[in-house]
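Topology and contacts: notes
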Amino acid sequence: MSDTAVADTRRLNSKPQDLTDAYGPPSNFLEIDIFNPQTVGVGRARFTTYEVRMRTNLPIFKLKESCVRRRYSDFEWLKNELERDSKIVVPPLPGKALKRQLPFRGDEGIFEESFIEERRQGLEQFINKIAGHPLAQNERCLHMFLQEEAIDRNYVPGKLATHPLA
Amino acid sequence: MSFFGFGQSVEVEILLNDAESRKRAEHKTEDGKKEKYFLFYDGETVSGKVSLALKNPNKRLEHQGIKIEFIGQIELYYDRGNHHEFVSLVKDLARPGEISQSQAFDFEFTHVEKPYESYTGQNVKLRYFLRATISRRLNDVVKEMDIVVHTLSTYPELNSSIKMEVGIEDCLHIEFEYNKSKYHLKDVIVGKIYFLLVRIKIKHMEIDIIKRETTGTGPNVYHENDTIAKYEIMDGAPVRGESIPIRLFLAGYELTPTMRDINKKFSVRYYLNLVLIDEEERRYFKQQEVVLWRKGDIVRKSMSHQAAIASQRFEGTTSLVAEEWGLPCPKWQGETQAREATSLGVLDVVL
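Residues numbered from 1 in each chain as written. Chains lettered and ligands numbered in written order. Predicted model: local features only at pLDDT ≥ 70, side-chain atom pairs only at ≥ 80, totals over all residues. Heavy atoms only, no water.

1. Quick word on the packing of aromatic side chains
All names here are of chain B.
- Evaluated as defined, the whole model comprises eleven aromatic pairs over all chains.
- Where Tyr-119 meets Phe-266, the ring centres are 5.6 Å apart and the plane angle is 20°; that geometry is what we call stacked. One end of the pair, Tyr-119, is in strand β10 (residues 119–120); the other, Phe-266, is in strand β21 (residues 266–278), and 147 residues separate them in sequence.
- Residue class for Phe-266 comes out buried when judged on its relative accessible area of 1%.
- Ring plane angle 75° and centroid distance 5.3 Å describe the contact between Tyr-155 and Trp-293, whose orientation is recorded as edge-to-face. Residue Tyr-155 is found in the loop between β12 (141–149) and β13 (162–168), and its partner Trp-293 is found in strand β22 (residues 283–293); the two are separated by 138 residues along the sequence. Each member of the pair, Tyr-155 as well as Trp-293, is classed as buried.
- Through pairs of rings, three or more aromatic residues link up here, namely Phe-70, Phe-86, Phe-107, Phe-109, Tyr-116 and Tyr-128.
- Between the NZ or CZ atom of Arg-24 and the centre of the ring of Phe-38, over which it lies, the distance is 4.7 Å.
- Taking NZ or CZ as reference, Arg-212 lies 4.9 Å from the ring centre of Tyr-271, over its face. (Phe/Tyr/Trp six-rings, centres within 6.5 Å; stacked < 30°, edge-to-face > 60°. Helix = DSSP H or I, 4+ residues; strand = E, 2+ residues; numbered from the N terminus. Buried < 20%, exposed > 50% of the residue type's maximum accessible area, 1.4 Å probe, protein only. Lys NZ or Arg CZ within 6 Å of the ring centre and 35° of its normal.)

In structure tokens form, the structure reads like this:
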């Protein structure tokens, strides 16, 4: 068996790592926070918006920092767009809570603090999972959702222009 | 039909002449148990005797003939009725007559061809066995003895490394390298993964050995995949320029040699699956076939110490080795060189 001993100790040649690469900032920085829920409007026309703040150094995102306000139906829109156009299995959103929207409840329904917090956490998990997916990053709807002031529901769906390898 | 040799009046045993000296090898049975069988190689002679023991010495045994067969057959589990025999030899031991006392009949199958290795899989079985039959009017007495056959190969002449750059554009580029494309069953996979671009959050990386058993032909092809091993090679997030070594010892796993299109009935192939997992449990993988072969255990006796060391360093083939073993060593079929990919291969992503 001693001929295998020669193979065991052999190592393949590898390039030494550049120290700036080794100790430099990672190129995969992507953080999205959802916070500061605010309920706007009065009476039955009320709805809650959440601040979606993104910080990244990924070159695929035009802005390295962005902050927009989105409501639950905007997240639903994003989920539908991705399910239709991309090949990925889109993670679930926190629930629609239809029961909370019925009248004659003892509490604030969908404007209850604990519910909003629960929903906020679910939306944060959802958007972080999506935004890190290489195939989702190719979709224009994701970039519009994260970095444009308002969502244009009449936009032209599609992929970002891919750059040919040099 | 009585299959156990314990017919009403006679006990049949098949004994090999070299049972004392012949090695036995472990082989898995269909229900997963491991048993030891006599080990044979291609071209070896199978000789022995069939012994008949009369249970009642006063009762004579009338028969229509006694014979012994050496059979190599492939059995597809979904088609049990049809056995495909690729080796079928028979020797008549006795003409129709009477047995009045316990006796033994010698037999010899000279230089039997055993072209394929014994294999017991999920959907197919290839086995070799001796079968002694005492023909009788109403029911035959049959005794079978399984043997195990190993096919040996030598160090291949061409055994280039596998080196490829794969990834997802602008997200993850890696270059992986395995030192060989053909490994023997006790070999070590020496390799490395070099990260060229890392824009995703990797949590860990592992390498899996996958066995794929393919049965059927044409539109009825069925692949059965089985993950034989999962071996974590990296824990934590790599950055650009990092090189992760791979050292995977194959001897610890239950592997068979690669079997390609055996008698046009089935194949058994092996793949290395490199899997990267990111923080959201997404899996990125690249599968690559490797050829496994069985090396003979026979020690090289007559080589001088110097020559032995020299041949160990030289990883290529030496025809000297094949002669030492004195066994026919099949040529490598369909040599293909693993090409160095110049463009970025695709890394699959599964969410």
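2. Some points on helix α4 (residues 113–131) of chain A
All names here are of chain A.
- Taking 1.5 Å per residue, 19 residues should reach 27 Å; α4 reaches 27 Å between its end C-alpha atoms and fits that length.
- By the burial criterion, the buried members of α4 are Phe-115, Ile-116, Arg-119, Arg-120, Gly-122, Leu-123, Phe-126, Ile-127, Ile-130 and Ala-131.
- Looking at the buried side of α4, the elements it contacts are β1 (30–40), β2 (47–56), α3 (72–85) and α5 (140–147). (Expected span 1.5 Å × (residues − 1). Contact = heavy atoms within 4.5 Å.)

3. Looking at the sheet that holds β1(A)
All names here are of chain A.
- On the basis of which strands lie adjacent, the open sheet formed by three strands has the order β1-β2-β3 and antiparallel pairing. A strand with exactly one partner marks an edge of an open sheet, and here the two such strands are β1 and β3 (65–71). Between one strand and the next, the sheet's axes are offset by a mean angle of 20°, whatever the strand orientation.
- Both β1 and β2 contribute to a ladder of nine bridges, which runs antiparallel. (Pairing = 2+ DSSP bridges. Axes fitted to C-alpha atoms, helices over the stretch in contact; angles between N-to-C directions.)

4. Examining the pairing of strand β14 (residues 172–178) of chain B
Residues and elements named next belong to chain B.
- By the criterion of burial, β14 is predominantly enclosed, with seven of the seven residues buried.
- With burial as the criterion, each face of β14 is covered, one bearing Leu-172, Ile-174, Phe-176 and Tyr-178 and the other bearing His-173, Glu-175 and Glu-177.
- Bridge count for β13 against β14 is seven bridges, and the pairing is antiparallel. Bridge pairing in β14 places Val-166 opposite Ile-174.

5. Description of the confidence of the model for chain B
- When pLDDT is averaged along chain B, the result is 85, and 82% of the positions lie at 70 or above.
- With pLDDT under 50 throughout, residues 299–344 of chain B is counted as low confidence; its partners more than four residues away or in other chains account for 58 contacts. (pLDDT = per-residue confidence, 0-100.)

6. Section: the nonpolar core
- Ranked by internal contacts, the top residues of the largest apolar core, which has 75 residues, are Leu130(B), Tyr178(B), Ile193(B) and Phe195(B).
- Excluding anything up to four places from it in sequence, Ile193(B) contacts Ile174(B), Glu175(B), Phe176(B), Met205(B), Ile233(B), Glu242(B), Ser243(B), Ile244(B), Ile246(B) and Leu274(B).
- Counting residues in hydrophobic clusters, the runner-up holds 31 residues, among them Ile34(A), Leu58(A), Val90(A) and Ala131(A). (Core = buried A, V, L, I, M, F, W, Y, C linked by side-chain atoms within 4.5 Å.)

7. Considering the pattern of salt bridges
- Within the structure shown, the criterion is met by 34 salt bridges over all chains.
- Close ionic contact of Lys79(A) with Glu83(A) constitutes a salt bridge, the shortest N to O distance being 3.1 Å. Here Lys79(A) pairs with Glu83(A), and both are found in helix α3, just four residues apart, close to one helical turn.
- For Arg100(A), the salt bridge is made with Asp107(A), and the minimal N-O distance between the two is 3.8 Å.
- Through salt bridges with shared partners, a single ionic network connects Glu69(B), Arg127(B), Arg131(B), Glu144(B) and Asp146(B). (Salt bridge = Lys/Arg side-chain N within 4 Å of Asp/Glu carboxyl O.)

8. Here we look at the UniProt feature "domain: PX" (unreviewed entry) in chain A
- Per the UniProt annotation, the sites labelled "domain: PX" (unreviewed entry) are residues 28–152 of chain A.
- Spanning residues 28–152 of chain A, this segment combines 33% helix with 22% strand, and its end C-alpha atoms are found 29 Å apart. (UniProt positions renumbered as here; feature names shortened; annotations may be inferred.)

9. Remarks on the pairing of strand β1 (residues 10–16) of chain B
All names here are of chain B.
- Side chains of β1 alternate between two faces, with Val-10, Val-12, Ile-14 and Leu-16 buried and Glu-11, Glu-13 and Leu-15 left unburied.
- Alignment of β1 against strand β4 (residues 46–54), held across seven bridges, turns out to be antiparallel. Of the residues in β4, the one forming a bridge with Leu-16 is Gly-48.

10. Observations regarding unusual backbone geometry
- Residues other than glycine seldom take positive phi values, yet Asn36(A) does so here, at roughly 55°.
- With respect to the helices, strands and loops of the structure, Asn36(A) is situated in strand β1.

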